[in-house]
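Residue-level structure breakdown
Here is how the chains run, residue by residue.
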Amino acid sequence: MIMGQRDQYSLQLDEVERAIEELGKSRPETPIFRNVGSLLIRVEKQDDLKKELDEMKDTLGIKVKSLERQENTLKERFNSMRTELQAALKGAG
């Protein structure tokens, strides 16, 4: 479950990074639209959108790192418990 969440947030992070990159390539007079539900709404101030995307990028980055730490912690616990179980089974056999 944690791996799935991490993958989902990683994909969202990639999308935000691509959006920031494309926004940086656009000229100020280029019309920019944002997806709001099933509508496309024109963005008047590109700087506000850039700021919002940067904040979203930071938030998603934090979530991805947090989930990676949780995943690593769970893997370590799993490996430790597996080692203990194997040792217990050898002792009982």
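Residues numbered from 1 in each chain as written. Predicted model: local features only at pLDDT ≥ 70, side-chain atom pairs only at ≥ 80, totals over all residues. Heavy atoms only, no water.

1. Details of the overall build of the chain
What counts is decided by this rule: Strands here mean DSSP runs of E at least two residues long; helices mean DSSP runs of H or I at least four residues long; both are numbered from the N terminus. For a compact globule the rule gives 2.2 Å times the number of residues to the power 0.38, and the radius of gyration it is set against comes from C-alpha atoms. Burial classification: accessible surface area is computed with a 1.4 Å probe over protein chains only, and a residue below 20% of its type maximum counts as buried, one above 50% as exposed, and the rest as partly exposed. Residue contacts are defined here by distance: any two heavy atoms, one from each residue, within 4.5 Å place the two residues in contact. Each accessible area is a Shrake-Rupley estimate made with a 1.4 Å probe; only the visible protein chains count as cover when residues are assessed. In this tally, Asp and Glu contribute negative charge and Lys and Arg positive charge; neither His nor the terminal groups of the chain are included. To locate a charge, the coordinates of NZ of Lys, CZ of Arg, CG of Asp or CD of Glu are taken.
When helices and strands are tallied, the chain shows two helices and two strands. Reading the chain from its N end, one meets helices and strands in the order α-β-β-α. A compact globule built from 93 residues should have a C-alpha radius of gyration of about 12 Å, whereas the chain, at 22 Å, is more than 25% larger. Referenced to the eigenvectors of the C-alpha coordinate spread, the extents of the chain come out at roughly 75 × 25 × 15 Å. Considering the chain as a whole, with its 93 residues, one finds that 18% of them fall into the buried category. Across the chain, the fraction of contacts at a sequence separation of at least 24, relative to all contacts at a separation of at least 6, is 58%. Here the chain displays about 7700 Å² of accessible surface, and carbon together with sulfur accounts for 54% of that area. Of the charged side chains in the chain, 17 are positive and 18 negative, and the gap between their average positions amounts to 4 Å.

2. Some points on the pairing of strand 2 (residues 39-43)
Applied cut-off: What makes two strands pair is DSSP finding at least two bridges between them.
Of the strand pairs in this sheet, strand 1 (residues 32-36) and strand 2 are connected by five bridges, and their pairing is antiparallel. Looking at strand 2, one finds that Arg-34 is bridged to Ile-41. Here strand 1 folds back onto strand 2, and the loop between the two strands holds two residues, one of which, Gly-37, carries a positive phi near 65°.

3. Describing the nonpolar core
Selection criterion: In this text, buried Ala, Val, Leu, Ile, Met, Phe, Trp, Tyr and Cys residues form a nonpolar core when linked through side-chain atoms within 4.5 Å.
One finds Leu-13, Val-16, Ile-20, Leu-23, Ile-32, Val-43, Leu-49, Leu-53 and Leu-60 forming the largest nonpolar core, which totals nine residues. For this core, the elements supplying multiple residues, two or more each, are helix 1 (2-25) and helix 2 (46-92). Residues within four places of Leu-53 in sequence aside, it is in contact with Val-16, Ala-19, Ile-20 and Leu-23.

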